Amino acid sequence: MGDLAKQILSRPIQLADQVVKAGDEATINKQECAEIKSKTEKLAALLRQAARSSSDLYERPTRRIIDDTENVLEKALTMVQRCRDDGYIMRLFNIIPAAAFRKMISQLENSVGDVSWLLRVSTPAGNDDDEGFGYLGLPPIAANEPILCLIWEQIAVLMTGSPEDKSDAAASLASLARDNDRYVKLIVEEGGVNPLLKLLKEGKIDGQENAARTIGLLGRDPESVEHMIQLGVCSVLSSILKEGSMKVQAVVAWAVSELVSGNHAKCQELFAQNNVIRLLVSHLAFETVQEHSKYAVVAGRATSMHHAVVMASKISTSKENLPALNEEEDDNQMGISNPMPNQMHSIVATTMAMKAVGSGSKSNLSSRFVTGDDEKPPEKLPEKSYSMSSQLKAYGSTAHQSRNASVTRGRELEDPVTKTYMKAMAARALWKLAVGNSSICRVITESRALLCFAVLLDKGDDETKYNTAMAIMEITAVAEENADLRRSAFRRTSPACKAVVDQLFRIVENADAGSDLLIPCVRSIGNLARTFKSAETHMIVPLVKLLDDGEPDLAAEVAIALAKFATEDNFLGKDHSRTIIEAGGSKLLVQLAYFGENGAQIPAMVLLSYVAMNVPDSEQLAKDEVLTVLEWSSKQANVIEDEDMEALLYEAKSRLELYQSRGSRGFHL
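All values derive from a computational prediction rather than experimental measurement.

Attention now goes to the overall build of the protein. If you tally the helices and strands in the protein, you get 36 helices and zero strands. Going through the 669 residues of the protein one by one, you find that 49% of them count as buried.

The phi dihedral of Asn275 is positive, around 70°, even though this residue is not glycine. Within the secondary structure, Asn275 sits in the loop between α14 (264-273) and α15 (276-285). Note on Asn275: relative accessible area 35%, which makes it partly exposed. One non-glycine residue, Glu287, lies in the positive phi region at around 60°. Looking at the element boundaries, Glu287 is found in the loop between α15 and α16 (305-317).

A separate point is empty space enclosed by the protein. Summed over all chains, the structure comprises one cavity of 30 Å³ or more. By volume, the largest cavity is sized at about 40 Å³. Along its surface, the largest cavity is lined by Met246, His283, Phe286, Lys419, Met422 and Lys423. Examining the composition of the lining of the largest cavity, we find that three residues originate from one element, helix α21 (residues 416-434), more than from any other. Looking at the lining of the largest cavity residue by residue, the classes come out as three nonpolar, one polar and two charged.

Moving on, we come to the nonpolar core. Among the nonpolar cores identified, the biggest contains 196 residues, and Ile36, Leu200, Val256, Phe271 and Phe453 are the most heavily contacted of them. For this core, the element with the highest residue contribution is helix α13 (residues 246-262), accounting for eleven residues.

Moving on, we come to the side chain of Thr214. Secondary-structure assignment places Thr214 in helix α10 (residues 205-218). Relative accessible area serves as the criterion here: at 0%, Thr214 is assigned to the buried category. The residues touching Thr214, leaving out its near neighbours within four places in the chain, are Ala170, Leu173, Ala174 and Leu196.

This part is about the confidence of the model for the protein. Interpretation of the predicted coordinates at a detailed level should be avoided for regions scoring low in pLDDT. Mean pLDDT over the protein stands at 79; residues scoring 70 or higher make up 76%. Confidence drops under a pLDDT of 50 for residues 291-345, and excluding neighbours within four residues, the segment shows 76 contacts in the predicted structure. Segment residues 353-397: pLDDT under 50, and 26 contacts once partners within four positions in sequence are set aside and those in other chains are kept.

On to the packing of aromatic side chains, then. Centre distance and the angle of the planes are the two values used to describe a pair of aromatic rings. Tallied over the full model, the rule gives five aromatic pairs. Here the aromatic rings of Phe532 and Phe565 are separated by 5.6 Å at their centres, their planes lie at 25°, and the arrangement is stacked. With a gap of 33 residues between them, Phe532 in the loop between α27 (518-527) and α28 (540-546) and Phe565 in helix α29 (residues 552-566) connect regions that are remote in the sequence. The two residues Phe532 and Phe565 agree in class, both being buried. Ring plane angle 50° and centroid distance 5.9 Å describe the contact between Tyr594 and Phe595, whose orientation is recorded as tilted. Taking relative accessible area as the criterion, Tyr594 reaches 30% and is therefore assigned partly exposed. Taking the relative accessible area as the measure of exposure, Phe595 reaches 71% and is therefore exposed. Counting every residue linked through ring pairs, the aromatic cluster contains Tyr594, Phe595 and Trp632. Between Lys432 and the ring centre of Trp431, over which it is positioned, the NZ or CZ distance is 4.1 Å.

Conventions we followed
- Residues numbered from 1 in each chain as written.
- Predicted model: local features only at pLDDT ≥ 70, side-chain atom pairs only at ≥ 80, totals over all residues.
- Heavy atoms only, no water.
- Helix = DSSP H or I, 4+ residues; strand = E, 2+ residues; numbered from the N terminus.
- Buried < 20%, exposed > 50% of the residue type's maximum accessible area, 1.4 Å probe, protein only.
- 1 Å grid on protein atoms, 1.4 Å probe; cavity = no way out; pocket = protein on both sides within 12 Å on 5 of 7 lines; lining within 4 Å.
- Points joined across faces, edges and corners; volume = space filled by probe spheres on them.
- Nonpolar A, V, L, I, M, F, W, Y, C, P; charged D, E, K, R; others polar.
- Core = buried A, V, L, I, M, F, W, Y, C linked by side-chain atoms within 4.5 Å.
- Contact = heavy atoms within 4.5 Å.
- pLDDT = per-residue confidence, 0-100.
- Phe/Tyr/Trp six-rings, centres within 6.5 Å; stacked < 30°, edge-to-face > 60°.
- Lys NZ or Arg CZ within 6 Å of the ring centre and 35° of its normal.

This is the structure in structure tokens:
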């Protein structure tokens, strides 16, 4: 605090001196005044000691304790001044009860205790009789709010403690933040963020982990996130993700996800500006897909497996200059004119196979995509003089490559548990960052992330799979509303997209009812409904089977996803509706409409209406008495409350009535 602390302390010191002087002049209640004088002298000595060590004082408790002390000294001065002999008449008006003296002495003792605690808590570790901080106890001011003083103590340790003490203090603050939202606000308000960020940047690994964990827990409060953003939390977390221990980076990735969840709109942009997306994808890709140098490319040749994918993608997307009436027609044109997608898909399959193969097999597989140029030794540079700038550039490039190599070696030495946790947290952070943000989703899809997602959905542990599935769900949700992103990232000719969709289909087809992956995968397929061709019925049939699963939440999600295939906004809605009927969907939807719980009943009615509008001449709809179901649904109170739902049912009934007679199970043209 420095000069500020001296300004705060000057007034109490002056008051203490005045109380001591007035105590000497007292002629009434001399014994009590002498005791007040004694306590005040002790307090004045502590205040002067605090002034001498003002640079070490922790501002928040200093202000509160000194304000309380100043109030006590003002009252003491008034009381002692009334004990002077100003005549018989004044004595009558200045009679002070003994209880008032006892109360004043007690308040002075409390002030002595508060200032003593302030000095102890502000003493750097190692200067307190070699005992460090230990347990300092609670000051008298903590009687009404003990947690506040505990927070003060831990923050003070973060400022002046030893590395071990700082780590323990960060862990204590994390425990408090986890327990109560009010404690989160107190930690932020009492200045805990700055020392946490400093510990995260400069501390040892344990301290950095605890600091990152505490910052993540503080990020659950939107107001606290706003305050941390102003203090530069985004740039600090980004720097750790770039260079740091993987154990710390994993916790930092989790903290990023928490901060984005607490205040996602502003945090998303700031993290994107600090290059966090690329860093997270890099962690996700490490030992997931083959590493490559994005910039060391031999013109016209594929220098790595991923570059082969990129080159193939560029070839496959070169046809996009021609306008298309709809995505289905565009996909068909691409499928006819370009044989490359099958080759690209084989590349993706090879990558996934490499995940399960040893290092020896990996080198053999990768050699299939390496050209002869890779085997050539570097050409001898011509002998000539270099300018200083070129030498500096060369040195900087060499230093950068050396640093990257060092980071990579450090990653490789981490234990498998840490690597797995890092991937899980990186996927979680990307999931939270992608929510509702098309620019971030575009950055993610233009990187190696989709290919990583496909591999991790197949090979990752349970937590990684879930976070990956949620990330895909959020990205596809944005793509559903953003046509440009949908066309660029989720073209069915894209090898990464095909790999992701194949994994989604595998999870849905296996249909483990207890799996947490099922609902996000169903939602993702629904979000991509406009990208599927009419011939890709294998995506719809497994979804229809899930309508009979028995879980209301799952049935509702499946009905919503299938509705995106059958809606009139989908150019292929009629073809998809026929597929739903052929897979037995109409009968299952009738059952859900009649007997399903409220959460699944409405989506089932919506899907049934879309199918009836698209294929009103279906004989199967007549056999399943869909018209009767729609008439019954239109009379339900919970349905007719929604005007859009009522209009949809009316339109579906009108079209069915053109082909089917009321109350008859027969089919009529």
